[in-house]
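Results of the structural survey
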Amino acid sequence: MAGASHYTLPLPSFDKPVKLLIVVAPYYRDIADDLIAGAKATIEKVGGTWELIEVPGALEVPAAISQAWRMANFDGFVALGCVIRGETTHYDTVCNDSSRGLTLLSLQGCCLGNGILTVENHDQAAVRAGEQDKGGGAAAAALHLIALQRRWGQPKAAIGFRPLGETIQLAEGGAKA
């Protein structure tokens, strides 16, 4: 239904300031600038700080976030960029693989908001980056996940394989290494 309204959650509040990394693929510079402006404004509304890095394209955004998540000290991440459909299937690859990479990171506990636009043309991108403020929406998503992570505390155990020597308590009372 065209013109239907949607509900937007109020931004969370934080006792301790948050720091986010904005990772942008500025292939379409005008679109990227609008997305960045929205993300910065949303982060600043909650008293947060941000750093900005640029990567060559949308496929590099998940890789950069993965590196920063492992090696830097950020509470969350905002992925920004724009992929406009062209004449080849490259569009599908870039859309699917960048989204998949971000989803896998988030399922591992990385707090991130996906603001990589996937559109048919530049006009659609301009509306989403500007008046629809998808950059701000991506930042808000990351902020909400940070708030949940802080509410529930840090993960109790690493996700995936357990380190050697970690004892697992079985229900029967026995232990297995």
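Residues numbered from 1 in each chain as written. Predicted model: local features only at pLDDT ≥ 70, side-chain atom pairs only at ≥ 80, totals over all residues. Heavy atoms only, no water.

Digging into the layout of surface pockets
Each pocket or cavity is described by its volume, and for the largest pocket that value is around 370 Å³. Residue lining of the largest pocket: 15 residues in total, with Thr8, Asp133, Gly136, Gly137 and Ala140 positioned closest to the centre. A total of six residues in the lining of the largest pocket trace back to one element, the largest contributor, which is helix H5 (residues 134-152). Classifying every residue of the lining of the largest pocket gives five nonpolar, seven polar and three charged. (1 Å grid on protein atoms, 1.4 Å probe; cavity = no way out; pocket = protein on both sides within 12 Å on 5 of 7 lines; lining within 4 Å. Points joined across faces, edges and corners; volume = space filled by probe spheres on them. Helix = DSSP H or I, 4+ residues; strand = E, 2+ residues; numbered from the N terminus. Nonpolar A, V, L, I, M, F, W, Y, C, P; charged D, E, K, R; others polar.)

Considering the packing of helix H1 (residues 29-45) against helix H4 (residues 122-129)
Contact geometry of H1 with H4 gives a least axis separation of 9 Å together with a crossing angle of 15°. Overall, the two elements H1 and H4 adopt an arrangement that is roughly parallel. With respect to the hand of their crossing, H1 and H4 are arranged in left-handed fashion. Listed contacts from H4 to Asp30, Ile31, Asp34 and Leu35 of H1 are His122, Ala125, Ala126 and Ala129. (Axes fitted to C-alpha atoms, helices over the stretch in contact; angles between N-to-C directions. Parallel < 35°, antiparallel > 145°, perpendicular 65-115°, else oblique. Left-handed = near helix turned anticlockwise from the far one by under 90°. Contact = heavy atoms within 4.5 Å.)

Thoughts on the pattern of salt bridges
Inspection of every chain in the model, using the stated rule, returns seven salt bridges. Where Asp33 meets Arg29, a salt bridge forms, and the shortest distance between an N and an O atom there is 3.1 Å. Note that Asp33 and Arg29 are positioned in helix H1 at a spacing of four residues, about one turn of the helix. On the accessibility criterion, Asp33 (38% relative accessible area) is partly exposed. (Salt bridge = Lys/Arg side-chain N within 4 Å of Asp/Glu carboxyl O. Buried < 20%, exposed > 50% of the residue type's maximum accessible area, 1.4 Å probe, protein only.)

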